[in-house]
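# Structure at a glance
Listed here are the chains, written in short residue letters.
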Amino acid sequence: MKTSPNQSVKHLNSNDFAYSAKISTPNGEKDIQSFQIGDSILAFSAKLESGTVKLTASQAKVSFSNGIECGKQTRMIYLDLMDSQGSSKNITCSADQLFLLSNGKYAPASQLQPGQELVNKEGNPINIESVKAGSFRGGIHSISTNAAVGDIPNGHLFVANDIIMGDFSLQLYFDYLPDDLKQ
């Protein structure tokens, strides 16, 4: 589904996402704005082995869940993605939303470029077709897992719309990651 900056929130799937992003839990998917503190979520850790990202999933609890329903956001990022089978995905998120790249590094949405590859829930690369910045009207929401902050990024990754990305804690502590983990 293609998105434009003028679409209503009910037609978008995305964290510091637009409402209705589908987040993976041990019991299936759940809209991001539905999470309460203490709810179960699938948390991931990533490791680069022989040039390939290897993911490990575990069950975690949501320790932070907060959002706002508002008028116009000053800046949101719209990503159009394409996997190797030709399936397209769209994500709408804040500029500081962190993504795991296929090279094992992390980058905020504002620094992503067409041609780069993100990682899907199976650990496979998914190509960024386009990156656009624009205004957005609707709700946005953020969540964090209860994984130890000292072990960031491990346990602070989750799946939204089949793509691996960082939770709110990872966003807060991104500057403290070793430089070799930043794009």
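Attention in this report is confined to the structure presented alongside it.

Here is what the cut-offs are and how they apply
Per chain, residue numbering runs from 1 following the sequence as it is written. Only residues with pLDDT of at least 70 get local features here, since the model is predicted, and only at 80 or more are side-chain atom pairs given and counted; chain-wide, interface and lining totals rely on the full set of residues. Hydrogens and water are ignored here; the side-chain numbers use all heavy atoms of the structure. Helix and strand labels come from DSSP, where a helix needs a run of H or I of at least four residues and a strand needs a run of E of at least two; each type is numbered from the N terminus. Residues count as neighbours in contact if any of their non-hydrogen atoms are within 4.5 Å of one another. Whenever a nitrogen or oxygen atom comes within 3.5 Å of another N or O atom, the pair is scored as a polar contact, on the condition that within protein one atom can donate a hydrogen and the other can accept it, and that pairs from neighbouring residues in sequence are kept only if both atoms are in side chains. Three exposure classes are used, based on accessible area relative to the maximum for each residue type with a 1.4 Å probe and protein chains only: buried under 20%, partly exposed in between, and exposed over 50%. Only the six-membered ring of Trp is used, alongside the rings of Phe and Tyr, when aromatic pairs are assigned; centres must lie within 6.5 Å, and planes under 30 degrees apart are stacked while those over 60 apart are edge-to-face, with the rest tilted. Charge over a ring is defined by NZ of Lys or CZ of Arg lying within 6 Å of the ring centre and within 35 degrees of the ring normal. Here the nonpolar core consists of buried residues drawn from Ala, Val, Leu, Ile, Met, Phe, Trp, Tyr and Cys, with membership extended through side-chain atoms lying within 4.5 Å.

### Digging into the environment of S130
Take S130: it is sitting in strand β10 (residues 125-145). In the structure, S130 is positioned 51 residues away from L79 in sequence and 5.8 Å away in space, judged by C-alpha atoms. S130 has contacts with Y78, L79, D80 and P114, leaving out every residue within four places of it along the chain. Reaching out from S130, the side chain makes a polar contact with the side chain of D80 at a distance of 2.7 Å.

### Structural notes on unusual backbone geometry
Outside of glycine, negative phi angles account for most residues, and trans bonds account for most peptide bonds. Backbone torsion omega between I152 and P153 reads 10°, so that peptide bond is classified as cis. For P153, the location among the structural elements is in the loop between β10 and β11 (157-160). For S50, which is not glycine, the phi dihedral falls at a positive 50°. Among the residues examined, S50 registers a relative accessible area of 82% and is labelled exposed.

### Concerning the packing of aromatic side chains
Counted by the stated rule, this structure contains two aromatic pairs. Plain terms: the ring middles of F64 and F168 are 5.0 Å apart, the flat faces sit at 15° to each other, and that makes the pair stacked. Of this pair, F64 sits in strand β5 (residues 52-82) while F168 is found in helix α1 (residues 168-173), placing the two residues 104 residues apart along the sequence. Given the relative accessible area of 23%, F168 is considered partly exposed. With 6.1 Å between their ring centres and 50° between their planes, Y173 and Y176 make a pair best called tilted. For the cation-ring pair, K30 lies above F35, with the distance from its terminal atom to the ring centre recorded as 4.8 Å. Above the face of the F174 ring, K182 is positioned so that its terminal group lies 5.4 Å from the ring centre.

### Some words on the nonpolar core
Counting 27 residues, the largest nonpolar core has I23, F99, L112 and L118 as the members making the most contacts within it. Elements represented by at least two residues in this core include exactly β4 (40-49), β5, β6 (88-94), β10, β11 and β12 (163-166). Tallying contributions element by element places β5 first for this core, with five residues. Counting 13 residues, the second largest nonpolar core, distinct from the first, contains F44, L98, V119 and V159.

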